[in-house]
Amino acid sequence: MMAPSGPAAVIALDGPSVDGPLYTRITALAGRAPGWLDALVSGWSTYGLALFGLLMAAAWWRARSRADLPGRTAMALAAPAVVVTAFLADSLLKSLIREQRPCRTLHTLTLEACPPPGDWSFPSNHAAIAAAAATALWLTDRRLGALAAPAALLMAFSRVWVGAHYPHDVVLGVLVGAAIAWPLTLLARRGAPVVERLRGTPLGPLVAPR
């Protein structure tokens with residue numbers, strides 16, 4: 001692994017020594033898998049985050065129909081901001097640690113084109129975003145959260161399968177996303193009085209049906 005440079009690189013993480021052999025076994029398995037399976041996993045890895053956006057929109061729509069649960073509506077409205085916060089925190093860790101992508105360090109054949117130098121690997125942004133969304137959804141709407149949780153794990157695994165990340169990248173990404181989303185979503189529940197006040201304003205349709 002290339003040594004980090006610059007004052008922002010405070011940690012030098014040697015990815016191959018952590019779980020490089022596991023990464024190469026997974027990517028080798030992907031290389032032997034049927035084409036249709038690789039296409040499905042690659043498609044999910046590339047476009048799957050859109051599902052979490054749809055689930056958050058559904059959570060907001062379901063919450064606004066319950067006038068007796070303004071706290072739930074507040075959490076649903078805050079979910080996108082919670083996910084963005086998790087993404088920013090994860091990106092900050094990337095800039096501090098600066099772990100090279102495994103496809104550059106190990107030179108393995110991967111399903112996904114190797115990102116350019118400077119696009120750091122640890123932790124995984126995809127995993128953090130998916131885990132943050134799933135956590136916010138779980139706290140807001142258990143039914144939707146039950147769909148989002150396995151989808152988030154599948155997103156994390158898909159990033160290793162296509163060769164974009166080491167397993168430890170996605171594990172920490174999931175932990176970062178969940179650790180940030182849990183307290184922020186619970187904090188958002190305190191916005192219930194704001195939701196109640198908005199009902200009598202032009203923004204009322206955001207928090208309650210007409």
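Residues numbered from 1 in each chain as written. Predicted model: local features only at pLDDT ≥ 70, side-chain atom pairs only at ≥ 80, totals over all residues. Heavy atoms only, no water.

Peer 1: Hey, could you run me through the nonpolar core in this one?
Peer 2: Soluble globular proteins: nonpolar side chains tend toward being buried together. Residues Phe-52, Met-56, Val-83, Leu-137 and Ala-148 are the most contacted members of the largest nonpolar core, which totals 22 residues. If you list the elements that add at least two residues to this core, you get α3 (49–64), α4 (70–97), α6 (125–140) and α7 (142–161). Ranked by residue count, the leading element in this core is α6, at seven residues. Leaving out residues up to four positions away in the same chain, Phe-52 has contacts with Trp-44, Ala-130, Ala-133, Ala-148, Ala-151 and Ala-152. Counting residues in hydrophobic clusters, the runner-up holds 14 residues, among them Ala-33, Val-41, Val-162 and Ala-164. (Core = buried A, V, L, I, M, F, W, Y, C linked by side-chain atoms within 4.5 Å. Buried < 20%, exposed > 50% of the residue type's maximum accessible area, 1.4 Å probe, protein only. Helix = DSSP H or I, 4+ residues; strand = E, 2+ residues; numbered from the N terminus. Contact = heavy atoms within 4.5 Å.)

Peer 1: Sorry if this is basic, but what is going on with the environment of Phe-87 here?
Peer 2: Inspection of the secondary structure puts Phe-87 in helix α4. Taking the relative accessible area as the measure of exposure, Phe-87 reaches 31% and is therefore partly exposed. In sequence terms Phe-87 and Ala-127 are 40 residues apart; their C-alpha atoms lie 9.5 Å from each other. Setting aside residues no more than four positions away along its own chain, Phe-87 makes contact with Asn-125 and Ile-129.

Peer 1: Whenever I open this one, the state of the cysteines confuses me. Can you help?
Peer 2: Linking two cysteines covalently through their sulfur atoms gives a disulfide. Scanning the entire structure with this criterion turns up one disulfide. The disulfide that involves Cys-103 links it to Cys-114, with 2.1 Å between the sulfurs. The chirality of the disulfide connecting Cys-103 with Cys-114 is right-handed, given an S-S dihedral of about 80°. Here Cys-103, found in helix α5 (residues 102–105), pairs with Cys-114, found in the loop between α5 and α6; they are eleven residues apart in sequence, far enough to count as distant. (Disulfide = S-S within 2.5 Å.)

Peer 1: What should I look at first to understand the packing of α3 against α4 in this one?
Peer 2: Angle between the axes and distance between the axes are the two parameters that describe a pair of packed helices. Interhelical geometry of α3 versus α4 gives an angle of 160° and a closest axis separation of 7 Å. Relative to α4, the element α3 lies roughly antiparallel. Here the hand of the crossing between α3 and α4 comes out left-handed. Residues Met-56, Ala-59, Trp-60, Arg-62, Ala-63 and Arg-64 of α3 lie in contact with α4, whose contacting residues are Arg-72, Thr-73, Ala-76, Leu-77, Ala-79, Pro-80 and Val-83. Residue composition of the contact of α3 with α4, by class: nine nonpolar, one polar and three charged. (Axes fitted to C-alpha atoms, helices over the stretch in contact; angles between N-to-C directions. Parallel < 35°, antiparallel > 145°, perpendicular 65-115°, else oblique. Left-handed = near helix turned anticlockwise from the far one by under 90°. Nonpolar A, V, L, I, M, F, W, Y, C, P; charged D, E, K, R; others polar.)

Peer 1: Quick question: what am I supposed to make of α6 here?
Peer 2: In an α-helix, one full turn covers 3.6 residues, which means residues spaced three or four apart are oriented alike. The end-to-end C-alpha distance of α6 is 22 Å, a good match for the 22 Å that 16 residues give at a rise of 1.5 Å each. Of all 16 residues in α6, 14 are buried, a share of seventy percent or more. The residue sitting at the N-terminus of α6 and contributing the capping side-chain oxygen is Ser-124; that oxygen lies 3.4 Å from the backbone nitrogen of His-126. (Expected span 1.5 Å × (residues − 1). Polar contact = N/O pair within 3.5 Å; in protein donor to acceptor, adjacent residues only side chain to side chain.)

Peer 1: Would you mind showing me how to read the pattern of salt bridges here?
Peer 2: Opposite charge on two side chains makes pairing possible when the charged atoms of those side chains draw close. Summed over the entire model, instances satisfying the criterion amount to four salt bridges. Between Arg-72 and Asp-141 there is a salt bridge, and its shortest N-O distance comes to 3.4 Å. Of this pair, Arg-72 sits in helix α4 while Asp-141 sits in the loop between α6 and α7, and the two are 69 residues apart along the sequence. Taken individually, Arg-72 and Asp-141 each receive the classification buried, so the pair is uniform in this respect. Between Asp-119 and Arg-101 there is a salt bridge, with its nearest N and O atoms 2.7 Å apart. Separated by 18 residues along the polypeptide, Asp-119 in the loop between α5 and α6 and Arg-101 in the loop between α4 and α5 bring together distant segments of the chain. (Salt bridge = Lys/Arg side-chain N within 4 Å of Asp/Glu carboxyl O.)

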